[in-house]
Amino acid sequence: MLAIPMGVLPTIKLVGYVSYKTPWLHFRRNVNEYILYFMKSGEMHIQENGVQYILKKGDVFMLEPNLEHEGTAKHACDYYYIHLTHPAIAPTHPEDLHALARRVLLEESGGAVPVEPSICYLPKYVGLASSSRLQHFYHVLNEMVQLYHGRSYNRTLTAMRVSELFIEISREYLMTALQSNRQKNTKSLITLNALLDYIHLNYARKITGTDIEQSFGCNFDYMNRVFSQVTGHTITKYINQVRINHAKELLDATHLSIGEVGYQVGLEDPYYFSKVFKKYVGMSPSEYKGEREI
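Now for a description of the structure that goes with this document.

The rules we used
- Residues numbered from 1 in each chain as written.
- Predicted model: local features only at pLDDT ≥ 70, side-chain atom pairs only at ≥ 80, totals over all residues.
- Heavy atoms only, no water.
- Helix = DSSP H or I, 4+ residues; strand = E, 2+ residues; numbered from the N terminus.
- Buried < 20%, exposed > 50% of the residue type's maximum accessible area, 1.4 Å probe, protein only.
- Contact = heavy atoms within 4.5 Å.
- Pairing = 2+ DSSP bridges.
- Core = buried A, V, L, I, M, F, W, Y, C linked by side-chain atoms within 4.5 Å.
- Expected span 1.5 Å × (residues − 1).
- Axes fitted to C-alpha atoms, helices over the stretch in contact; angles between N-to-C directions.
- Parallel < 35°, antiparallel > 145°, perpendicular 65-115°, else oblique.
- Nonpolar A, V, L, I, M, F, W, Y, C, P; charged D, E, K, R; others polar.

Secondary-structure assignment places Ile212 in helix α5 (residues 209-216). The exposure class of Ile212 is buried, given its relative accessible area of 1%. Other than its neighbours up to four places away in sequence, Ile212 contacts Leu195, Tyr198, Ile207, Gly217, Phe220, Met223 and Ile235.

Next comes the structure, spelled out in structure tokens:
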């Protein structure tokens, strides 16, 4: 897995798509840049630094700089490629992928190594063939190829789109890890992912069970049960956790009053806001703010 700081855009060297209709063998080379392959069809048999990989439809693979790679067998294949450099990509080997997924996707604290919000955790090799969003990824990559081959100022836009692609691949991978031992079907996983986005976009207003049912066309009790089984939180508890996390950010970075902070995170009653804040943080908002001002 690679840890990629999202505060720094990659430098895009080349973006494209290639289709080999007859069997083809990847050439041997050693380059000083990262190369992302996203397979569309066929197979690519390749080794990097002596490690063998067989890439098929929906597979995403990142070649690393200064490691020799070459093909090991001839096959027809279609794939997208992105060549890039980045000053701060680093390999990482989390001991507990499920715990990492919880900390990244659910914004939970804890763990031996704190998770930086600006870090994208991109798997070196992952198969997305079973993902319902595979066609979405192909659409994004097609647009990226066209964008890159446009006018020169499109290169910065391409770098932004590549960063966005990294985040989407990472989220898909971590979301699968989050529910891997829960035996939930693909439809439930998609709904859960969408619900997480919905909560983060709407936490600042009152969110009711009826709102969620109307937005997702599902029974709230069923969604709450699936959400709890996968995340370990009820929907209400998670919404409040998101609110309190943002409240802490506002208390850290602004001079807003306690009441104003509560209002901005969707907890309009100051007494209730203080009660919820203390439940999640272990101290009142005023005590938390006082500690930050010392």
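With that settled, consider the pairing of strand β5 (residues 51-55). Sheet topology places strand β4 (residues 44-48) next to β5; 5 bridges connect them, and they run antiparallel. Bridge pairing in β5 places Glu48 opposite Val51. Turn length for the β4-β5 hairpin, with the two strands adjacent in sequence and antiparallel, is 2 residues, and the turn residue Asn49 shows positive phi of about 55 degrees.

Time to look at the nonpolar core. Within the largest apolar cluster, 41 residues are counted, with the highest numbers of intra-cluster contacts made by Leu195, Ile199, Ile212, Phe227, Ile235 and Phe273. When residues of this core are assigned to their parent elements, the largest contribution, 8 residues, is made by helix α7 (residues 235-253). With near-sequence residues (within four places) excluded, Leu195 lies in contact with Ile212, Phe216, Met223, Phe227 and Ile235. Residues Leu2, Phe38, Tyr80 and Leu165 belong to the second largest nonpolar core, which totals 30 residues.

Glancing now at α7. Structurally, the α-helix is built with 3.6 residues per turn, so residues lying three or four positions apart point the same way. Its 19 residues give α7 an end-to-end C-alpha distance of 27 Å, which sits within 8% of 27 Å, the value for a rise of 1.5 Å per residue. Of all the residues in α7, the buried ones are Ile235, Tyr238, Ile239, Asn240, Val242, Arg243, Ile244, Asn245, Ala247, Leu250 and Leu251.

With that out of the way, let us pick up the packing of α7 against helix α9 (residues 270-281). Between α7 and α9, the shortest axis-to-axis distance is 10 Å and the interhelical angle comes to 95 degrees. As summarised for this structure, α7 and α9 are arranged roughly perpendicular, according to the angle between their axes. Between α7 and α9, the residues in contact are Lys237, Asn240, Gln241, Ile244, Ala247, Lys248 and Leu251 and Tyr272, Phe273, Val276, Phe277, Tyr280 and Val281, respectively. When the residues that make up the contact of α7 with α9 are grouped by side-chain class, the tally is 9 nonpolar, 2 polar and 2 charged.

Glancing now at unusual backbone geometry. Note on backbone geometry: most residues besides glycine have negative phi, and most peptide bonds are trans. The backbone phi angle of Asn49 is positive, close to 55 degrees, even though this residue is not glycine. Positionally, Asn49 belongs in the loop between β4 and β5. Look at Asn66: it is not a glycine, yet its phi comes out positive at around 65 degrees. Along the chain, Asn66 turns up in the loop between β6 (59-63) and β7 (69-73). Overall, the relative accessible area of 54% leaves Asn66 in the exposed class.

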